[in-house]
Number of protein chains: 2
Amino acid sequence: MTETFNRFYSDASHLMKKSAIREILKLTQRPDMISFAGGLPSPDSFPIEDLKKITSEMMDEEGKEALQYGTTEGDLRLRTLLAERHRKDGLNLSPASIMITTGSQQALDLCGKIFINRGDVVLCGLPSYLGGLNAFSNYGAKLKGIPLDDQGMRPDLLEKTIVSLKNDGSIIKFIYIIPDFQNPTGVTLPLSRRLEIIRIAERHDLIIVEDSPYRDVRFEGTPEPMMSSLETHGRVLTLNTFSKILAPGFRLAWVTGHPEIIDKLVTSKQAADLCTPPFVQRIVARYIEKGLLDVNLKKTVDLYRNRRDYMLRCFREYMPDGIKWTEPSGGLFLFVTLPPSMDAARLLEKAIQKKVAFVCGSVFYCNNEGHNTMRINFSFTGEKDTCEGVRRLAEAIREEMASA
Amino acid sequence: MTETFNRFYSDASHLMKKSAIREILKLTQRPDMISFAGGLPSPDSFPIEDLKKITSEMMDEEGKEALQYGTTEGDLRLRTLLAERHRKDGLNLSPASIMITTGSQQALDLCGKIFINRGDVVLCGLPSYLGGLNAFSNYGAKLKGIPLDDQGMRPDLLEKTIVSLKNDGSIIKFIYIIPDFQNPTGVTLPLSRRLEIIRIAERHDLIIVEDSPYRDVRFEGTPEPMMSSLETHGRVLTLNTFSKILAPGFRLAWVTGHPEIIDKLVTSKQAADLCTPPFVQRIVARYIEKGLLDVNLKKTVDLYRNRRDYMLRCFREYMPDGIKWTEPSGGLFLFVTLPPSMDAARLLEKAIQKKVAFVCGSVFYCNNEGHNTMRINFSFTGEKDTCEGVRRLAEAIREEMASA
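Residues numbered from 1 in each chain as written. Chains lettered and ligands numbered in written order. Predicted model: local features only at pLDDT ≥ 70, side-chain atom pairs only at ≥ 80, totals over all residues.

Colleague: Provide a residue-level description of the overall build of chain A, including the pertinent values.
Modeller: When helices and strands are tallied, chain A shows 13 helices and 14 strands. Relative to a compact globule of 404 residues, whose C-alpha radius of gyration would be 22 Å, chain A shows 21 Å and is just as compact. With the C-alpha coordinates of chain A rotated into their principal frame, the extents come out at 60 × 55 × 55 Å. For chain A, the proportion of its 404 residues judged to be buried stands at 56%. (Helix = DSSP H or I, 4+ residues; strand = E, 2+ residues; numbered from the N terminus. Rg over C-alpha atoms; globule rule 2.2 N^0.38 Å. Buried ≥ 20, exposed ≤ 12 C-beta atoms within 10 Å, placed from the backbone.)

What follows is the structure, encoded as structure tokens:
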């Protein structure tokens, strides 16, 4: 299409890119395609009957309020329930420390809006969640990637990068980090690194944006403390969501942080969408009140543990030598490393011909590295499709290897 | 509160103001307060039973899809239904010309995001909807107000202002206009002015953002054509919403426009919230499919017509001489002009003591004029409260008059 309206667009709009993932998701809606591409929860995890019943009840008892405008910060009952829920994380929050958002993506966007001037630096994992990177770069942030190893972001390289950026006169606003079952790599940051990174943030006066969608999707082992529970001066904002623990179709999420920053986020949310649907907030509040969230979450975690195990079994069975993958203790993804000579984007073309899809790891690298990596989702497909999909993918890899 | 995190905030965040209206809404939640302040629909207009039934049915038949992520542009079925619905407006739209948004406020925000560079001018009614003004000024827009008379925005002054701004080297991006039952004044732009303003936009190469939340809330007379139906080159974007014709608690709205601009809005929405809740979109799609929207809308319009009539009757009965008010044929508001010597903000303090609230008209004036005006909502309160509220308000006005 010719851009007939180009002259009207803002400079910022030219920074906007369509998310590579959401574009691939369209491809994957073709029939017969087996998709490991999206970060889609399994529909089998959705408690449809319970939600149906609760919605009816809610409409009977508070339909008038649910269908009216709500406050920008979010339903007080829901925020109170979330504050209670966070006690298990060692957090002692008041509702004023919590804002409801329309998906965590909105929280990422509002963080961009309240913190970033064009040219400010945001430090992020190399690789890191694309939706976060896009949200920040839309506001003109320069993204600087900090390499991860199998324990997550490397504090030594983080501090080195900060020092060198500061020497160059850069203004750094925050560290964007996904400490638990990182997207896309699946790795989890150990306590010692959490503490170290907080100390670095203090030393260099930076905010930490802790993005935590997968924290409660843990298959084994003990959770590490949330970064916000390790820091007491309000330097850490934490982004949480119901998308992976209940249902993404509600677009319901929440941010916790220092009341002053929450207040700033509330002001920016007023102009963004006035409020998150009260209708949805009241359904979910009731669902939590009845104690159903944790019951369903346990089922979901059991389901995903099985799916991870099954996916790993298929990988071991089908994948040729020279392919490496992570074995995460939670979350939704394996991260796969191909031989350095292989290009995942070219592999994807072949894979799509064979009707299997994944996301190229390179989209998560703000410096365009990672050409030989890919992200594989294991939560969405059932056993039959997983097995067949991995078989097709392995076949595509073998052919790529042979033609190289 | 001391601003302990000031050093982190973006320049844009310092432009953000809490909406005066949303702040007043908090006040009005006090018991015994009669509020004419919000633009709140009447809860009596919410079809709770029908929505309850439809939600159950929807969950039975498409619960898995409703609880999953959806596409950013919005549910195809809903967009198709909206395209059909717009035939009555003389519009022949494809789904590619429609994007679903999380409330019209999101559409206003995204218009700001894709069009405005700091310092660009947006032309708007004097007065005009605060949520629009805030959304644009958050992106650094300079707002230039065009006076209204009892037929809406004055085209002669619009063109004069454009010429003078261009002579000064200003970049003007768009005209923000609410042609039907304008917020806050309630006036409607006649056909001749619609055509004239479109011609001015063509002559000076400007976009028109037509905000149309109240169009279908018409009590009498024949609708004027939508501005987007009078212009065929895609220069007009129209913002529509379910908030006033069904329920604001869904936060469900849609934009129509040229597919290229819609595509740009979709890209910017990806980073804003990925998608509007599919759960809500599918409920409303079913509701429309069953033909219930227009049935309920007719009831709502009848209700609001009665409430407007009753409010006008109370005004005639209680208000002292020297107070003027509009008699709108639709929408949710009267606009009241006090004697020039009176200050509505001071009156509001007195009114709140007497437990009646309104919004000062000045918040809708981007140039801080309108100190002696106020906006009165008639859709929310029932007869008893309306009568008592107007009595209290008239008493407050009389006291102010006596003390002056």
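Colleague: Could you give me a rundown of the environment of Asp263(B), with the residues and numbers involved?
Modeller: All names here are of chain B. With respect to the helices and strands, the residue Asp263 is situated in helix H9 (residues 259-273). Judged by C-beta crowding, with 16 C-beta atoms within 10 Å, Asp263 ranks as partly exposed. Between the C-alpha atoms of Asp263 and Asp120, which are 143 residues apart in sequence, the distance is 22 Å.

Colleague: Account for unusual backbone geometry, with residues named and values stated.
Modeller: Residue and element names in this part refer to chain B. For the peptide bond that leads from Leu126 to Pro127, omega is 10°, which places it in the cis range. Locating Pro127 in the fold gives a position in the loop between strand S3 (121-126) and helix H6 (130-137). In the segment running from Asn183 into Pro184, the intervening peptide bond is cis, with an omega of 15°. Structurally, Pro184 is set in the loop between strand S6 (172-177) and helix H8 (191-203). Even without being glycine, Asp32 reaches a positive phi, approximately 75°. Relative to the elements of secondary structure, Asp32 occurs in the loop between helix H2 (20-27) and strand S1 (34-35).

Colleague: Talk me through the nonpolar core; I want residue IDs and the actual numbers.
Modeller: One finds Ile208(A), Val284(A), Ile208(B) and Val284(B) to be the most contacted residues of the largest nonpolar core, which totals 240 residues. Contact partners of Ile208(B), with chain neighbours within four places excluded, come to Phe174(B), Ile175(B), Ile177(B), Ile198(B), Ala201(B), Met227(B), Arg235(B) and Val236(B). (Core = buried A, V, L, I, M, F, W, Y, C linked by C-beta atoms within 7 Å. Contact = placed C-beta atoms within 7 Å.)

Colleague: Describe the sheet that holds strand S8 (residues 236-241) of chain A, with residues and values.
Modeller: Pairing within the open sheet is mixed, and its 8 strands lie in the order S2-S9-S8-S7-S6-S3-S4-S5 (chain A). Each edge of the open sheet carries a strand with a single partner, namely strand S2 (98-101) and strand S5 (152-153) of chain A. (Pairing = 2+ DSSP bridges.)

Colleague: Let's hear about the confidence of the model for chain A: which residues, and what values?
Modeller: Per-residue confidence for chain A gives a mean pLDDT of 95; residues scoring 70 or more make up 99%. Taken over the whole predicted complex, pTM reads 0.96, whereas the ipTM for its chain interfaces reads 0.96. (pLDDT = per-residue confidence, 0-100.)

Colleague: A description of the pairing of strand S9 (residues 253-256) of chain B should follow, citing residues and the corresponding values.
Modeller: Residues and elements named next belong to chain B. Side chains Ala253 and Val255 project from S9 onto one buried face, and the interleaved Trp254 and Thr256 project onto a second face that is buried too. Here strand S2 (residues 98-101) runs beside S9; their pairing, made up of 4 bridges, is antiparallel. Considered in S9, the bridge of Thr101 is made with Ala253. Relative to S9, strand S8 (residues 236-241) runs antiparallel, the two sharing 4 bridges. The partner of Thr241 across the bridge, within S9, is Ala253.

Colleague: Quick one: what's the story with the interface of chain A and chain B, residue by residue and with numbers?
Modeller: Listed as interface residues are 68 residues of chain A and, on the opposing side, 68 residues of chain B. Put simply, the parts of the chain that give the side of chain A that touches chain B at least two residues each are helix H1 (11-15), helix H3 (48-66), helix H5 (103-115), helix H6 (130-137), helix H9 (259-273) and helix H10 (278-289) of chain A.

Colleague: Tell me about the relation of the copies chain A and chain B, residues and numbers included.
Modeller: Expressed as a screw operation, the relation of chain A to chain B combines 0.0 Å of axial shift with a rotation of 180°, fitting to an RMSD of 0.0 Å. Overall, the copies show the geometry of a two-fold rotation axis. Both copies present the same face, since 100% of the interface residues in chain A are matched by interface residues at the equivalent positions in chain B. (Least-squares fit on C-alpha atoms with pLDDT ≥ 70 in both.)

Colleague: How would you explain the pairing of strand S6 (residues 172-177) of chain A if you had to name every residue and give the values?
Modeller: Regular strands have side chains that alternate between both faces of the sheet. Residue and element names in this part refer to chain A. Of all 6 residues in S6, 6 are buried; the element is thus mostly enclosed. Alignment of strand S3 (residues 121-126) against S6, held across 4 bridges, turns out to be parallel. Residue pairing in the sheet places Val122 in a bridge with Phe174 of S6. Alignment of S6 against strand S7 (residues 207-211), held across 4 bridges, turns out to be parallel. Bridge pairing in S7 places Ile177 opposite Glu210. Each parallel crossover has a hand, and the one from S6 via helix H8 (residues 191-203) to S7 is right-handed. (Right-handed = clockwise from strand over helix to strand, strands pointing away.)

Colleague: Talk me through the domain arrangement of chain A; I want residue IDs and the actual numbers.
Modeller: One widely used convention gives an interface's size as the accessible area the parts lose upon coming together. Residues and elements named next belong to chain A. Partitioning chain A into structural domains gives domain 1 (11-47 + 298-403) and domain 2 (48-292). A C-alpha centroid distance of 25 Å is found between domain 1 and domain 2. The partner domain 2 presents 38 residues to the 33 residues of domain 1 that form the contact. Mapped onto the side of domain 1 that touches domain 2, the elements with two or more residues apiece are H1, helix H2 (20-27), helix H11 (292-318) and strand S11 (333-337). Among the elements that line the side of domain 1 that touches domain 2, the one with the most residues is H11, at 5 residues. (Domains from an automatic or database assignment.)

Colleague: How would you summarise the sheet that holds S2(B) if you had to cite specific residues and measurements?
Modeller: Residues and elements named next belong to chain B. Read from one edge of the open sheet, 8 strands run S2-S9-S8-S7-S6-S3-S4-S5, paired in mixed fashion. In this open sheet, the two edge strands, each paired with only one partner strand, are S2 and strand S5 (152-153). Set on the sheet, helix H5 (residues 103-115) makes contact with S2, S6, strand S7 (207-211), S8 and S9; between it and S8 the angle comes to about 155°. (Axes fitted to C-alpha atoms, helices over the stretch in contact; angles between N-to-C directions.)

Colleague: Tell me about helix H7 (residues 155-167) of chain B, residues and numbers included.
Modeller: All names here are of chain B. Across its 13 residues, H7 extends 18 Å between first and last C-alpha, which sits within 8% of the 18 Å expected from 1.5 Å per residue. Every buried residue of H7 is accounted for by Pro155, Leu158 and Ile162. Seen from one end, H7 has its buried residues packed into an arc of 55°, which puts them on one side. Seen from the buried face of H7, the exposed residues on the opposite side, beyond 90 degrees, are Asp156, Lys160, Val163, Ser164 and Asn167. Residues of H7 that are buried sit in contact with S3, strand S4 (142-149), S5, S6 and H8. Looking one or two residues past H7, Gly169 carries a phi angle of roughly 85°, positive in sign. (Expected span 1.5 Å × (residues − 1). Arc of directions from axis to C-beta.)

Colleague: Give me the packing of H11(A) against helix H13 (residues 383-403) of chain A: which residues, what numbers.
Modeller: Residues and elements named next belong to chain A. Between H11 and H13, whose axes approach to 9 Å, the crossing angle comes to 30°. One way to sum up the angle between H11 and H13 is to call them roughly parallel. Relative to H13, H11 is oriented so that their crossing is right-handed. Contacts between H11 and H13 involve Tyr310, Met311, Cys314, Phe315 and Tyr318 from the former and Glu383, Thr386, Cys387, Val390, Arg391 and Ala394 from the latter. Counted by class, the contact of H11 with H13 contains 8 nonpolar, 1 polar and 2 charged residues. (Parallel < 35°, antiparallel > 145°, perpendicular 65-115°, else oblique. Left-handed = near helix turned anticlockwise from the far one by under 90°. Nonpolar A, V, L, I, M, F, W, Y, C, P; charged D, E, K, R; others polar.)

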